[in-house]
Amino acid sequence: MESAVQNQKKKFGIRDIMTIAAMMVICFSIMMVVGSFTLPFPLVYLYGAAGIDGFICAIFFLVASYRVNKHGLIFAWAGIYGLIQGVMGYMFLLPYFLVVGALAEASMIGKDTYRNPIRTRIGWTINCVGNFVGCAVPLWWAWDSYSAMAVESGFTAETLNMQISMVTSPALMLLGAAITAILTILGTLFGQRLLRKHFKKSGIVG
Amino acid sequence: MSRAGATHKQIERVDGRTVLFLTVCSCLVSFLTTDLLAHAIFTFCLLLILCFFGLVKQGICCFLVYLTAIFGLYTEIKYGISFPSPLLLSIIYKLILPAMPVYLLFRIPSGKLTASLRKLPLPTKAMLVLVVMLRFAPTVVHEFGEVKEAMRVRGFLRSFGTVLRHPLNTLEYAIVPMVFRSLKIADELSASAIVRGIESPCDKQSYYVSRINLLDTFLMLFSAAALICCIML
C-alpha cells in the first residue's frame, strides 16, 4: 500500500501536467517573440537568441520544477520542444532533443533535485546549450539543401556567411555555447530571486 | 441563427484528428516545399477551408498578411533592400500557412478535441499536454495583453527609455503576474478535469460523437495529395 502511494507520488498527476503545459506555452510564445525581434540582427540571432530564451524562460522552468518536483520534467520539456521542431519539418531534430533531454535529466538524478538551485541551474543550462547546438544541426545535416532554401527565403549573403563560419568553426560554436550558458545561468539566478521574493512567500511553489 | 453559432455548428462537423492531420501537412508543405507557387496555392486552399467553416474574416486577414510578406520579400530581393529583414518576412510567410489550420484547431471545442485525440495511439498524458497547450495558447496571449494594460495603467511602461533603463524590473513586473494568472488557470483546469473523472482508469465516453465522416475523408485525402504534389514540384 505504502509503495503504491510512493509510486503515485513519482508519477505526473493532472495538476503537474497542467502546470508543465502552462509554463511551456508561455516559454514557446516568448521564444517566438525573441526569434522575431532578433532575426533582423544576424549576429544577435545566431549567437544570442538561445541565451536570451534561456534567460527569460528560466523563471518558467523553475516555477514548474519547484512546483512539480518529479523526475522526467526536463526530459519531457526537451522532448516536446523536439516534437514541435519535428512538426515544423525538422523531424531529425526529435532524436537530437531526446538525447539533450536525457542528458539534462541525467544531471538531475537524486532526491528532490528539482528543488535544488544548483542542480536546476545545471539541468536548465544543459537544455539551453542543447537548444543552441540544435540550431546548427540542420546545417550540419544537409548544408546544400539548407543553403538553397535559405537563399530562396531571403537570407542575406552576410547571414549565410556568418552561419557557415559559426557551424564550421569549433571556436565560434564554443563561443556561442558559452554566451548561451552565461545568459542561462544569469537567468536562473534572476529566477531564483523571483522565486524567493514572490512565489515561495505566496506558497504556490514548494 | 447568429453567425458565431453557424461557425460553431460547422466546426462541430469536422473531427479533431482531421484538423490535426491538416496542420501537420501544412507544416510539412511550408517547410519542405521550395516552389513558391505551390506554397501560395496551398495557402489559398486553406483560405477556402477557413471560409467553409465560417471563419471568413480571419482567413482573409491571414491571406492578406501572407501576400504582403511575399510581396515585401520579392521587392526586397529585387531591389536589395534589407529593412525590414527579408529573413523576418520569410519566417512570416512560412508560419502563416501552419497558423491557419492551427487557428481552426483552436476553435474546436476542447471536449470534442479530447474525444478525437483519445482515438489516436498517443499516451494519455502526452495527449493531455497537447490539448492543454492548444487551449492555453490563446489564453496566454489574452493574459499577456491584460498584464501589459495593467502595467501601462500603473505607469511601468511610461516610455521606451524607462524600459531600457530598468529591464529586469520591467521583466519582473510582466512575468510575476503572468505566472500567477497562468497557474491559477492551470489549477482551475486541473480541478475541472479531475471532477469530470479524467484520472479514472476506465474507458471514457464523450458528449461529442467522434467519427471520421465524408467531409473528414475529403479533407484528409486533399491534404495528403496536396502535400505530395507540393513536395514533388
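Residues numbered from 1 in each chain as written. Chains lettered and ligands numbered in written order. Predicted model: local features only at pLDDT ≥ 70, side-chain atom pairs only at ≥ 80, totals over all residues. Heavy atoms only, no water.

(A) Quick look at the pattern of salt bridges. Taken as a whole, this structure holds 10 salt bridges over all chains when the rule is applied. Linking Arg193 of chain A and Glu172 of chain B is a salt bridge whose minimum nitrogen-to-oxygen distance equals 3.4 Å. Placement of the pair is Arg193 of chain A in helix α9 (residues 170-202) and Glu172 of chain B in helix α9 (residues 167-195), with the two residues belonging to separate chains. Through salt bridges with shared partners, a single ionic network connects Arg15 and Arg67 of chain A together with Asp187 of chain B. (Salt bridge = Lys/Arg side-chain N within 4 Å of Asp/Glu carboxyl O. Helix = DSSP H or I, 4+ residues; strand = E, 2+ residues; numbered from the N terminus.)

(B) Here's a closer look at the interface of chain A and chain B. With 46 residues of chain A at the interface, the matching set in chain B holds 41 residues. When the two sides are added together, the surface that chain A and chain B hide from each other amounts to roughly 3,900 Å², 80% of it contributed by carbon and sulfur. For the chain A face of the interface with chain B, the top three residues by lost area are Ile14, Met18 and Leu39 of chain A, together amounting to 16%. Our count for the contact surface shared by chain A and chain B stands at 4 salt bridges. Between Arg15 of chain A and Asp187 of chain B there is a salt bridge whose closest N-O contact spans 3.5 Å. Taken together, the links from chain A to chain B amount to 4 residue pairs in polar contact (both at pLDDT 80 or more). Going through the elements one at a time, α2 (14-38), α3 (42-68), α4 (73-87), α7 (143-152) and α9 of chain A are the ones with two or more residues in the side of chain A that touches chain B. Among the elements that line the side of chain A that touches chain B, the one with the most residues is α2 of chain A, at 15 residues. The residue inventory of the side of chain A that touches chain B, partitioned by class, reads 29 nonpolar, 11 polar and 6 charged. (Contact = heavy atoms within 4.5 Å. Buried area = accessible area lost by both parts, 1.4 Å probe. Polar contact = N/O pair within 3.5 Å; in protein donor to acceptor, adjacent residues only side chain to side chain. Nonpolar A, V, L, I, M, F, W, Y, C, P; charged D, E, K, R; others polar.)

(C) Inspection of α3 of chain A at higher detail. Taking 1.5 Å as the rise per residue, α3 of chain A with 27 residues should run 39 Å; its terminal C-alpha atoms sit 37 Å apart, in good agreement. The sharpest bend along α3 of chain A measures roughly 60° and falls at Gly48 of chain A. (Expected span 1.5 Å × (residues − 1). Bend = angle between axes of the 7 residues up to and from the residue.)

(D) Region of interest: the nonpolar core. The biggest cluster of nonpolar side chains holds 63 residues, and the ones touching the most others in it are Met23, Phe60, Val63, Trp77 and Phe199 of chain A. Taken together, the elements giving at least two residues each to this core come down to α2, α3, α4, α5 (93-106), α6 (117-141) and α9 of chain A together with α7 (124-153) and α9 of chain B. Here this core takes 15 residues from α2 of chain A, the largest share from any one element. With near-sequence residues (within four places) excluded, Trp77 of chain A lies in contact with Met23, Met24, Cys27, Phe60, Phe61, Ala64, Trp124 and Asn127 of chain A. (Core = buried A, V, L, I, M, F, W, Y, C linked by side-chain atoms within 4.5 Å. Buried < 20%, exposed > 50% of the residue type's maximum accessible area, 1.4 Å probe, protein only.)

(E) Region of the structure containing the environment of Ala174 of chain B. All names here are of chain B. Following the sequence through the fold, Ala174 ends up in helix α9. Residue Ala174 is classed as buried on the basis of its relative accessible area, which comes to 16%. With 24 residues separating them in the primary sequence, Ala174 and Ala150 have C-alpha atoms 9.5 Å apart. Once residues within four sequence positions are removed from consideration, Ala174 is found in contact with Val147 and Met151.

(F) Seen up close, the packing of aromatic side chains. By the definition in use, this model includes 15 aromatic pairs over all chains. Both rings, one in Phe55 of chain A and one in Phe190 of chain A, keep their centres 5.9 Å apart while their planes meet at 10°; by these two values the pair is stacked. Of the two residues, Phe55 of chain A is situated in helix α3 and Phe190 of chain A in helix α9; the sequence distance between them amounts to 135 residues. Across this residue pair, the class does not change: Phe55 of chain A and Phe190 of chain A are buried. Aromatic pair Phe218 of chain B and Phe222 of chain B: ring centres 6.4 Å apart, planes at 20°, arrangement stacked. You can see Phe218 of chain B and its partner Phe222 of chain B sitting in helix α10 (residues 214-232), 4 residues apart, about one turn around the helix. An aromatic cluster is present here, built from Phe28, Tyr81, Tyr96 and Phe97 of chain A joined pairwise through their rings. (Phe/Tyr/Trp six-rings, centres within 6.5 Å; stacked < 30°, edge-to-face > 60°.)

(G) Region of the structure containing the packing of helix α3 (residues 36-52) of chain B against α10 of chain B. Residues and elements named next belong to chain B. The geometry of α3 relative to α10 is characterised by a closest axis approach of 10 Å and an angle of 165° between their N-to-C directions. As far as their axial angle goes, α10 and α3 are roughly antiparallel. Relative to α10, the crossing made by α3 is left-handed. Together, Ala38, Phe42, Cys45, Ile49 and Phe52 of α3 and Leu215, Leu219, Phe222, Ser223, Ala226 and Cys230 of α10 make up the contact between the two elements. Residue composition of the contact of α3 with α10, grouped by class: 10 nonpolar, 1 polar and no charged. (Axes fitted to C-alpha atoms, helices over the stretch in contact; angles between N-to-C directions. Parallel < 35°, antiparallel > 145°, perpendicular 65-115°, else oblique. Left-handed = near helix turned anticlockwise from the far one by under 90°.)

(H) Layout of the packing of α3 of chain B against helix α4 (residues 56-79) of chain B. All names here are of chain B. Running from N to C, α3 and α4 point in directions that differ by 165°, and their axes come no closer than 8 Å. By the angle between their axes, α3 is roughly antiparallel relative to α4. Like other packed secondary-structure pairs, α3 and α4 cross with a definite hand, here left-handed. On the side of α3, the interface is formed by Leu36, His39, Ala40, Thr43, Phe44, Leu47, Leu50 and Cys51, while α4 contributes Val56, Gly59, Ile60, Phe63, Tyr66 and Ile70. Looking at the contact of α3 with α4 residue by residue, the classes come out as 11 nonpolar, 3 polar and no charged.

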